[in-house]
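Chain by chain, the residues run as shown.
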Amino acid sequence: MHTRKDGIMVILSSPSGVGKTTLVKLLSERKKFYISISHTTRKPRPAEKNNKDYFFVDEKEFQRLINNDEFLEYAKVFNNLYGTTRSPVINRLENGKNVIFDIDWQGADQIKNKRLNYKLITFYLLPPSKKILFERLSNRDMKDKLIVSQRMKEFNRDVLHWINYDYVIINDTIEECYNKIDKLIDAEIIDGPKEYDKNYIRDHVSKLIS
Ligand code: 5GP
């Protein structure tokens, strides 16, 4: 069982363009969470650093890690492989450090199904509306209209997985969203009352996919 001494695991997932990366960074800075660094076969983007944003590896190395059973979870996302190696995570948790994961729904499902002896809290982030998501994606480094329309299509599929998460949070503004996540994590740790309206979320998802 989870003991007071062990760290906890927090997973943040979201469709592309909802602001997850910013929130993961805030949680790590303000709540001293260790960000789990994934391996990926994706090529680095211009501002990304190897061993910091990701461990960028080729398919052969990724396959070696699969064969050695080093992954806690791994999945194919947008034609690239992504995975979380087990030992850095477990070492931190055993030393009482909390770990945050920026992974997709497939990875979240795999970690959940492992039923590890550490407390796990899963969050799925949603945009306030499809219009706002479209604007955010268009304003990002994705000036390419084709990529934006691909991401919008993927959104419709991704969002259906909201139901498997403990909490779904609408990212209206980063600060509001951060505060909601922060309160829910604290409430989960002490097993106190949680402010969360699942019916409101259900209605919001219906609007997003209609
Ligand atoms: P990006 O290529 O934009 O950095 O990430 C694409 C997607 O892959 C995001 O949804 C991100 O959360 C997810 N992702 C990143 N690392 C991992 C991982 O280790 N495992 C899984 N399952 N998904 C990941």
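Residues numbered from 1 in each chain as written. Predicted model: local features only at pLDDT ≥ 70, side-chain atom pairs only at ≥ 80, totals over all residues. Heavy atoms only, no water.

**Some points on empty space enclosed by the protein**
Working step 1: Under the defined criterion, the tally for this structure stands at 1 cavity of 30 Å³ or more.
Working step 2: Here the largest cavity is characterised by a volume of approximately 40 Å³.
Working step 3: Forming the walls of the largest cavity are Tyr34, Ser36, Ile37, Phe55, Thr84, Thr85, Pro88 and Val89.
Working step 4: Elements supplying a minimum of two residues to the lining of the largest cavity: strand S6 (80–85) and helix H3 (86–94).
Working step 5: Residues of the lining of the largest cavity, tallied by class, amount to 5 nonpolar, 3 polar and no charged. (1 Å grid on protein atoms, 1.4 Å probe; cavity = no way out; pocket = protein on both sides within 12 Å on 5 of 7 lines; lining within 4 Å. Points joined across faces, edges and corners; volume = space filled by probe spheres on them. Helix = DSSP H or I, 4+ residues; strand = E, 2+ residues; numbered from the N terminus. Nonpolar A, V, L, I, M, F, W, Y, C, P; charged D, E, K, R; others polar.)

**Structural notes on the side chain of serine 38**
Working step 1: Mapped onto the elements of the fold, serine 38 is located in the loop between strand S2 (34–35) and strand S3 (39–40).
Working step 2: Not counting the four nearest positions on each side in its chain, serine 38 is found in contact with Tyr54, Phe55, Gly83, Thr84 and Ile103. (Contact = heavy atoms within 4.5 Å.)

**A few points about the layout of surface pockets**
Working step 1: In this structure, the largest pocket occupies an estimated 1,400 Å³ of space.
Working step 2: Around the largest pocket sit 48 residues that line it, and Lys20, Thr21, Arg45, Tyr54 and Asp102 are the ones nearest its centre.
Working step 3: Secondary structure elements with two or more residues in the lining of the largest pocket: helix H1 (20–31), strand S5 (71–77), S6, helix H4 (105–114) and helix H6 (145–158).
Working step 4: Taken together, the residues that form the lining of the largest pocket break down as 16 nonpolar, 13 polar and 19 charged.
Working step 5: Here the second largest pocket is characterised by a volume of approximately 330 Å³.
Working step 6: As for the second largest pocket, its lining consists of 14 residues, of which Ile169, Lys180, Glu195, Tyr196 and Asp197 are closest to the centre.
Working step 7: Put simply, the parts of the chain that give the lining of the second largest pocket at least two residues each are strand S9 (167–170), helix H7 (174–190) and helix H8 (198–209).
Working step 8: Considering each element in turn, the lining of the second largest pocket owes the most residues, 5 residues, to H7.
Working step 9: Of the residues assigned to the lining of the second largest pocket, the class counts are 8 nonpolar, 1 polar and 5 charged.

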